[in-house]
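Read off the chains here:
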Amino acid sequence: MIPTLLVISILTFVIIQLPPGDYLSNQLEELRSQGESASAMAKIAFYREQYALDKSPIEQYARWMGFWPGPDGFSGLIQGNWGQSFTYDLPVKEVVGDRLGLSFLINFSTILFIYIVAFPIGVYSATRQYSIGDYGFTLIGYLGLATPNFLLAMVLLYYANVYFGVSIGGLMDDKYINQPWSFDKAMSVFDHMIVPVIVIGTSGTASMIRRLRANLLDELQKQYVTTAKAKGVPRLKALIKYPIRMSLNPFIADIGNLLPDVISGSVIVSMVLSLPTVGPLLLEALRNQDQYMAGSLLMFLALLTVVGMFVSDVLLAVLDPRIRLTGGATK
Amino acid sequence: MTNVLLVRDLKVEFRVAEGTIKAVDGVSFRVPDGKTVALVGESGSGKSVISQAIMSILPKPAYITSGEILFFDPEKPGVFYDIAKLKPDSKEMRNIRGGRISIIFQEPMTSLSPLHTIGDQISEALHLHHKKTKAEGVQVTVDMLRLVGFPKPDEAFHTYPFELSGGLRQRAMIAMAMICKPGLLIADEPTTALDVTIQAQILDLMQKLQKQLGMAILLITHDLGVVASMADEIVVMYHGKVMEQGTLEDIFKSPEHPYLKALMRAIPRFDMKPGERLTPIREIKRESDSKFLQQANPRPVATGEEKPILEVRKLTKKFTTRKSSLFGAKPAGEVLAVDNVSFFIKPGECLGLVGESGCGKTTLSKLILRALETTDGSVTYNDRGRDIDVLALSNDELFDYRNKVQFIFQDPFSSLNPRMTVFDIISEPLIIHNVGTSAEREETVKELMTLVGLDIRFLRRYPHSFSGGQRQRIGIARALALKPDLLICDEPVSALDVSIQAQILNLLKDLQAELGLTYLFISHNLAVVDYIADRIAVMCKGRLVETAPKAALFKNPVHPYTKRLLAAVPEPDPNHRLNFTNLVEEKASNPELWPAPFTADVHTKPVMMDIGGGHFVRVHENTDLEELRL
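### Observations concerning the overall build of chain A
A tally of regular secondary structure across chain A gives 15 helices and two strands. Split into buried and exposed, the 331 residues of chain A put 32% on the buried side.

Written out as C-alpha cells, the structure reads:
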C-alpha cells in the first residue's frame, strides 16, 4: 500500500507541474499588468521562499510530502499539513474542511439510496424475468442511464420548487449558512438533499439494477438453488441465503471505487445545483494551478481509493470462503 | 408389499416458445417399500423430469398435464398425498420435500453452495423439518457425517464444499438427503461424475444406509452396470415412455424390447470376444470414399522391430504449492504429480492409461505435448524414423511437433469455442499451421466432416446446436485436421451416454485402422480401455504401477491397485454384482498401505519389474517372481 501511495504522489506532483508556469507566476503577470503593488510583490516573494517555488521540482516535492525540512521544519502531507491554498490564501484544510463533511453526507446518502432502491428492484426483475414489471423497470433503468445528470437536475429542481416548494440550489437555506448546527438546520439540509441524491443516484441505480439482475439470473440457474429447494427451504429464504449471497461479490468489490466517489464525485451536478462539495473545488484548483490544493486533494482521493480497495478485499475474504481459503494456492 | 410411491399415467409437457414438448408421456411405475427401483434411459429420455415432478421442483416451462404421483408415507400408514395435485409452495409439499422424499444430484461439484459450510447446509434440512435446538442439530449432523463415512466428522462440519474431493462432496450430499430419514430417496445419476472406485464406495454407502434406515430408493441412471449391482426392479425409458419394466433378473435375462437389447449391446464388457464390435443404438453413417483417407499418408504398419513412436523415460513433474502471507508467497511444499514415469507406445498401437482422477494422467499427457514444463526425464518422439527429443525442441521445431501430435479433450462442451462456427473450429489448426489455400482448407474441412460422419451442411452452425456426441466428433475432426500420427485422447467418452460412447469408441477404432493412427487413450473406465486399447498402463499417485498387454492384465492382474480397479467396474450382469467389501477400504489407493512387495513410502522405492510377456509391475527390487504368482 505504501509504495503504491508513494508512486501515486510522484505521479500527481509531476502532472500538476507539467503545465508551464505556476499559480504565483500567473499572479505576478496579472499584478504586473495592473501596475505593481509592493505589498503583493512582497507576499509573492514570501510564498516563493516558503514553498520553495524557486527551487528544483524535486525539492518542492520533498517539502510538500514532508521528506525535507522547509522554513518551519518538517511540515508536509506526512505530518498532516496539506499546504496552503494560494487562491483562498488559507490553509487547504480550512478551505476543504466543511465541504468534506457535506460531500461525504451527500454522496453517502446517494450510495445508500442506490442500494436501497436497486436491490429490491434487481431481485424482483431477476426472479420475475420477462414479466411486465421487469420490462417496466428495465425501461426506466435505461432512461436513467441515458439522461445526462445535469439535465435531470435542472428539470427536477424546477418541478420540486413549483410543486413542493423545495427551494433551489445550495445545501441549506441561506440563513443557516455559517450558523451553528441546529435541528432546523439539519432539516433544511435534509430537504435540500432530496433532489441531489435522486439526481446523482439515478444512473448508479439503473446500472446496479441491471448488474444485480444479470448476476442473479446466472446464480438462479445453478444446481445448488435446486438443492435448496429440494430440501424444502421456503422460496424467499432460499433466495436470500443462496443466490443473493452469491451475487453480492461484485458489489463488495465495488466499494473500492465508491469511496473516492463519495468525496469528489458528481462535479457537474454540484456545479449546477451549487452544492458546497469538494468536487467543484478540485476543478477550480486544477484550473488555477493552485498546486498544493490540487495535489493534496488528489492525494487524499488516492488514499481513499487504496483504502477502499483494501476494505473491499478484506470484506470479500470475510464473505467468501473461497477467497479466504484458496487464496495464495497457485497451480 | 406396500408401495411408497405410485406413479400413474404421468404426463409432463414443456411449453416453450418453439412449441410443446412431451417430456414424459404416460409413465406408470411403483416403488415398493424398502426396495430399489432403477429408472434407466439415455439423456433426454425424461427420467430426470420424472424425478423433478416427484420432488415438485419442475422448471418453469414444465407442466404436469395429467396423471397421479401418489406418495404413501411409511411413517403415517393410510395417509397418502397426490404430489401432482399439491402446489409446489404449499406447506404439505414443503414438508414432504426434503423431509419425507429427498434427492441426490449428479454433480457433487455444483449442487452444494460454495459459500456455506457443509454442516450449515446439512443441518438446514434438519431444522426445517424437525424442531431441534442448535446444539442438537450439530450433534445429529455430526452423527450423520460419521455415518456417511467422513473420517473426522467434527472437523468436516466446518469445511466448505470446495475443500472436499468429489467423493466426499457426494457423501455430504447423501448426508443432507438422509438427515431427516426420508421414506424415499431419489438418486439422480449419483455416481456418473465419479471415478469407478469412488462410485463403488458411494453405491455401497447407499445400500448400507438403505438397510439401516429402511427406505426406498429410486435410482436414476444410464449405467446398466450400476443398475445390475443395485436395483431390485427396473423401469426402462425411451423418449418419455416406459419401454419395459420388471425385476432385475427378468430384465437382464430376457430383455424383450429392442431398445433395451440395443442398450445392452452398446456397453463395453470384459467378456467380449476379440474383434467384437459394440453396436451403438444409432450407428454413425460415414461415407467410405473420403478423399481425406486417400491422401492421408498413413504411417506404414509397424514391422515388428520398429522403434516406439513415443518413448517416455523417467518423466517427473513437481508442482510447488505456495503459502501466502502478508508479505508475499513462499513455496510451502512440493507435490509430485508425475513421478519417474517410463513407458513407450509402438506405432499403430493404442496404449490405455488408466487411473483415478488426480493420479497424474492428464498432467502426463500435457507434459508429452509440452503444454507444461517437465521437471526431469525425457520424451523421445520417433517421427517416421527420425528421433526427436521433445523436451529440447525450440520454437519452430516445437510448432512442427505439435503438427504430429494432437489432443482430444474430455469435455465436449467447454473444449469448443461457442462463438466459432464448426467450420472455424475445424479449420483453425490448418490456418495456424498455414496449410493450403483457403479453398483447399474448405475442401479439407468438408472431408473431415464426412470422415467423422457429420453432415457438411452443419458447417455454418455453432457448437451449441449439437449434442454431446456430435461435439466430440467435431473435436475429433479438429484433432485430425493436421493429419497427426499420434493422438492423445483424454477421457474422450467419460462425459457421454453409453450409446453415444459406443459410437465414439467405434469411430476412434475405425479411424485408427484407416489412418494408421497411434493412440494414447486416457480413461478411468477399465471396460472402455479394454475395448479400445492394445496395451494398458495403470497409474496411481503419479507412478505407473503395472503395464501389460490387455489380455495379460485382465487375466492376471498382479498389483493390488489394478485388482481393485478391476473389481470396481460394475458389470451389466446381475450375477456379477460388485463385491463392495473389498472396495470400500481406502487401503488400495494408498501406496504406503500396499502389502509387500508393493509398498511404496519414504523408505522403499519400488521399481518396474518385467514378469514376462511385456508385463511389468512395480515391486521392490529383487522380488522373487514366484512371490507374485499368487
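Still more ground to cover, so stick around.
### A few points about the sheet that holds strand β1 (residues 3-16) of chain B
Residues and elements named next belong to chain B. A sheet is described by the order of its strands in space; here four strands give the open sequence β2-β1-β4-β5, paired in antiparallel fashion. At either margin of the open sheet sits one strand with a lone partner, and together these are β2 (19-32) and β5 (80-82). Strand-to-strand twist of the sheet, defined as the mean angle between neighbouring strand axes without regard to direction, takes the value 5°. Helix α1 (residues 47-55) rests against β1, β2 and β4 (62-72) of the sheet, and its axis sits at about 110° to β1.

### Thoughts on the nonpolar core
In terms of nonpolar packing, the biggest core is built from 201 residues, with B:Leu39, B:Ala175, B:Leu184, B:Leu219, B:Ala477, B:Phe521 and B:Val538 touching the most fellow members. When residues in this core are grouped by element, the largest group, nine residues, is from helix α17 (residues 498-515) of chain B. When sequence neighbours within four positions are dropped, the list of residues in contact with B:Phe521 reads B:Cys350, B:Leu351, B:Gly352, B:Leu353, B:Cys489, B:Val529, B:Ile532 and B:Ala533. Residues A:Tyr61, A:Leu282, A:Ala294 and A:Leu298 belong to the second largest nonpolar core, which totals 19 residues.

### Side note on helix α7 (residues 196-213) of chain B
With 18 residues, α7(B) should reach 26 Å at 1.5 Å per residue; the first-to-last C-alpha distance of 25 Å fits that figure. Along α7(B), the positions that sit buried rather than exposed are B:Val196, B:Thr197, B:Ile198, B:Gln199, B:Ala200, B:Gln201, B:Ile202, B:Leu203, B:Leu205, B:Met206 and B:Leu209.

### Side note on the interface of chain B and chain A
Contacts between the two partners involve 31 residues from chain B, matched on the other side by 24 residues from chain A. For the side of chain B that touches chain A, the elements supplying multiple residues, two or more each, are α2 (91-96), β6 (101-104), α3 (118-129) and β11 (310-325) of chain B. Classifying every residue of the side of chain B that touches chain A by side-chain character gives 13 nonpolar, 10 polar and eight charged.

### Some words on the confidence of the model for chain B
Averaged over all residues, the pLDDT of chain B is 84; the fraction at 70 or higher stands at 92%. Here the prediction assigns the complex a pTM of 0.77, and the interface score ipTM is 0.71.

### Description of the environment of B:Met109
Residues and elements named next belong to chain B. Turning to its location among the elements, Met109 is positioned in the loop between β6 and α3. A count of 15 C-beta atoms within 10 Å places Met109 in the partly exposed class. Sequence-wise, Met109 and Gln170 are 61 residues apart; in three dimensions their C-alpha atoms are separated by 8.4 Å. Other than its neighbours up to four places away in sequence, Met109 contacts Gly166 and Arg169.

### A look at unusual backbone geometry
Residue and element names in this part refer to chain B. At His239, a position not held by glycine, the phi torsion is positive, near 50°. With a phi angle near 50°, Lys483 is a residue other than glycine that sits in the positive phi range. Residue placement: Lys483 occurs in the loop between α16 (468-480) and β17 (486-490). The partly exposed category is assigned to Lys483, around which 17 C-beta atoms lie within 10 Å.

Analysis parameters
Residues numbered from 1 in each chain as written. Chains lettered and ligands numbered in written order. Predicted model: local features only at pLDDT ≥ 70, side-chain atom pairs only at ≥ 80, totals over all residues. Helix = DSSP H or I, 4+ residues; strand = E, 2+ residues; numbered from the N terminus. Buried ≥ 20, exposed ≤ 12 C-beta atoms within 10 Å, placed from the backbone. Pairing = 2+ DSSP bridges. Axes fitted to C-alpha atoms, helices over the stretch in contact; angles between N-to-C directions. Contact = placed C-beta atoms within 7 Å. Core = buried A, V, L, I, M, F, W, Y, C linked by C-beta atoms within 7 Å. Expected span 1.5 Å × (residues − 1). Nonpolar A, V, L, I, M, F, W, Y, C, P; charged D, E, K, R; others polar. pLDDT = per-residue confidence, 0-100.

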